[in-house]
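Residue strings, one per chain:
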Amino acid sequence: MKKFLVPICFFLVTMAYSQDDLLKSLDSTQIQDSYSTATFKALQLVTLQTTKMPAKKEFYFVVSHRFGTVKDGFESFFGLDNATTKLGGIYGVTDWLSVSLSRHTLNKMYETGVKYRMARQSNSFPLDIVGYSVADINTFLEKDQYPGLEFKNRMTYVQQLLISRKIGEKLSLELVPSFVHKNLYNPDIERDNQFSFGGGGRYKITKRLSVNLEYMHNFDKPEFYKNPLSVGLDVETGGHVFQLIFTNSQSMSESGYLTNASGNWGKGDFFFGFNLYRVF
């Protein structure tokens, strides 16, 4: 486990405001202190993280759902019978550093993350650059299924570099190189280290609506898994950011989303879901 701390470290309003004030902050396109603002409305594009950071002492409560595949039709009520849930919190330690903790019903996974800003788009620099480091703990694994199972075998690590640019009033784009390491894996079908590259973008339709698209290409995935492709809609509703999502991956963790996308868009095999953010 120690050997992965070095690369991870290396890549190393509030309720008192009115809802209108929050919306103005989210939708602002002005340059403040020479920095570009409101590149993205939410902390996630669809499943991928964005370069948006919580402000200092700002807390986000996150509720996410991914339902089952819609291809089964009324048999599973288009996937609504097979929901998975994520509950989590994100806290801004400073304006450039945040920490997060969440729990996923899929694989009974706990996920902790650190997000840190390295550079900001401004009049003198063209990009926002943010690092994102994640550690997942799979508590679904049982010792009777895996003799000799140790705590370290439950761990999966993810390192991402988020690089974005606000192109104009309506368009923002992001590139995301990602690295995933699994301590427990089946060498017959997958690799312990998997590298992905892709990204996405957000296009603003109205003051409170935007369309988001993301795609990641996994260079090391098993043949029977797909590259994750997702589309979403951001909806501003007062102090909430609500995201409607269609994706070919049911998993909401970075490690699952990047390595285990199973749906086939061409066969109508995709998943509906949503992300809900409430800021305090």
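Residues numbered from 1 in each chain as written. Predicted model: local features only at pLDDT ≥ 70, side-chain atom pairs only at ≥ 80, totals over all residues. Heavy atoms only, no water.

## Some remarks on the overall build of the protein
Thought 1: When its secondary structure is counted, the protein shows 3 helices and 14 strands.
Thought 2: Burial status across the protein gives 52% buried among its 280 residues.
Thought 3: For the protein, the computed accessible surface area is about 13700 Å², with 61% contributed by carbon and sulfur atoms. (Helix = DSSP H or I, 4+ residues; strand = E, 2+ residues; numbered from the N terminus. Buried < 20%, exposed > 50% of the residue type's maximum accessible area, 1.4 Å probe, protein only. Areas by Shrake-Rupley, 256 points an atom, 1.4 Å probe, with all protein chains shown as cover.)

## Quick word on the pattern of salt bridges
Thought 1: This structure, assessed with the given rule, holds 2 salt bridges.
Thought 2: Taking the shortest distance from any N to any O, the salt bridge between Lys-182 and Glu-190 comes out at 3.1 Å.
Thought 3: Among the residues examined, Glu-190 registers a relative accessible area of 14% and is labelled buried.
Thought 4: Asp-220 is paired through a salt bridge with Arg-191; the nearest N and O atoms lie 2.7 Å apart. Separated by 29 residues along the polypeptide, Asp-220 in the loop between strand S11 (209–218) and strand S12 (229–237) and Arg-191 in the loop between strand S9 (171–182) and strand S10 (193–204) bring together distant segments of the chain. (Salt bridge = Lys/Arg side-chain N within 4 Å of Asp/Glu carboxyl O.)

## Focus: the sheet that holds strand S7 (residues 128–138)
Thought 1: An order of S3-S4-S5-S6-S7-S8-S9-S10-S11-S12-S13-S14 is seen for the 12 strands of this closed barrel, with the pairing classed as antiparallel. Taking the axes of each pair of neighbouring strands and ignoring which way they run, one obtains an average angle of 20 degrees across the sheet.
Thought 2: Bridge analysis of strand S8 (residues 155–166) against S9 gives 9 bridges, and the strand direction is antiparallel. When the bridges of S9 are listed, Thr-156 appears paired with Lys-182. (Pairing = 2+ DSSP bridges. Axes fitted to C-alpha atoms, helices over the stretch in contact; angles between N-to-C directions.)

## Re the confidence of the model for the protein
Thought 1: Considering every residue of the protein, the mean pLDDT works out to 86; 85% of them sit at 70 or more.
Thought 2: With pLDDT under 50 throughout, residues 1–26 is counted as low confidence; its partners more than four residues away or in other chains account for 37 contacts.
Thought 3: Considering only residues more than four positions removed or in separate chains, one finds that residues 28–32, a stretch of pLDDT under 50, has 11 contacts. (pLDDT = per-residue confidence, 0-100. Contact = heavy atoms within 4.5 Å.)

## Some details on the environment of Thr-105
Thought 1: Among the structural elements, Thr-105 can be located in the loop between strand S5 (97–104) and strand S6 (109–119).
Thought 2: Given the relative accessible area of 40%, Thr-105 is considered partly exposed.
Thought 3: Setting aside residues no more than four positions away along its own chain, Thr-105 makes contact with Thr-84 and Thr-85.
Thought 4: Only 2.8 Å separates the side chain of Thr-105 from the backbone nitrogen of Thr-85, close enough to count as a polar contact. (Polar contact = N/O pair within 3.5 Å; in protein donor to acceptor, adjacent residues only side chain to side chain.)

## Thoughts on the nonpolar core
Thought 1: With 12 residues, the main nonpolar core is built from Leu-48, Met-53, Val-130, Tyr-132, Val-134, Val-158, Leu-162, Val-176, Val-180, Met-216, Tyr-257 and Leu-258.
Thought 2: Leave out the neighbours within four places in its chain, and Val-130 touches Thr-51, Met-53, Lys-115, Tyr-116, Arg-117, Met-118, Gln-160, Leu-161 and Leu-162.
Thought 3: Formed by 8 residues, the second largest nonpolar core is a distinct cluster that contains Ala-42, Ile-90, Val-241 and Val-279. (Core = buried A, V, L, I, M, F, W, Y, C linked by side-chain atoms within 4.5 Å.)

## Some remarks on the pairing of S10
Thought 1: In this structure, S9 lies alongside S10, joined through 11 bridges in antiparallel fashion. Paired with Ser-172 across the bridge in S10 is Arg-202.
Thought 2: Where S10 lies against S11, 9 bridges are found, and the strand directions are antiparallel. Paired with Ser-196 across the strands is Asn-218, a residue of S11.
Thought 3: The hairpin turn running from S10 into S11, its antiparallel successor, is 4 residues long.

## Points about a nonpolar patch on the surface
Thought 1: A cluster of nonpolar side chains, namely Phe-59, Phe-61, Leu-87, Tyr-91, Val-93, Val-99 and Phe-280, defines an oily patch on the protein surface of about 550 Å² accessible area.
Thought 2: Put simply, the parts of the chain that give the nonpolar patch at least two residues each are strand S3 (59–69) and strand S4 (84–92).
Thought 3: Here Phe-61 is to be found in strand S3.
Thought 4: Phe-61 gets classed as partly exposed once you look at its relative accessible area, which sits at 37%. (Patch = residues over 30% accessible without salt bridge, like charges linked within 9 Å, V, L, I, M, F, W, Y side chains within 5 Å.)

## Let's talk about the packing of aromatic side chains
Two descriptors summarise a pair of aromatic rings, namely the distance from one centre to the other and the angle between the planes of the rings.
Thought 1: Taken as a whole and judged by the stated rule, the model has 9 aromatic pairs.
Thought 2: For the pair Phe-195 and Phe-219, a centre-to-centre distance of 5.8 Å together with 20 degrees between the ring planes defines the contact as stacked. With Phe-195 in strand S10 and Phe-219 in the loop between S11 and S12, the pair connects residues that are 24 residues apart, well separated along the chain.
Thought 3: Ring pairs connect the aromatic residues Phe-67, Phe-246, Trp-265, Phe-270 and Phe-272, which therefore count as one cluster.
Thought 4: Here the basic side chain of Arg-120 rests over the ring of Tyr-35, its NZ or CZ set 4.3 Å away from the ring centre.
Thought 5: Against the face of Phe-280 rests Arg-278, its NZ or CZ located 5.6 Å from the ring centre. (Phe/Tyr/Trp six-rings, centres within 6.5 Å; stacked < 30°, edge-to-face > 60°. Lys NZ or Arg CZ within 6 Å of the ring centre and 35° of its normal.)

## Notes on the environment of Phe-280
Thought 1: Structurally, Phe-280 can be placed in the segment after strand S14 (271–279).
Thought 2: Separated by 221 residues in the primary sequence, Phe-280 and Phe-59 place their C-alpha atoms 5.2 Å from one another.

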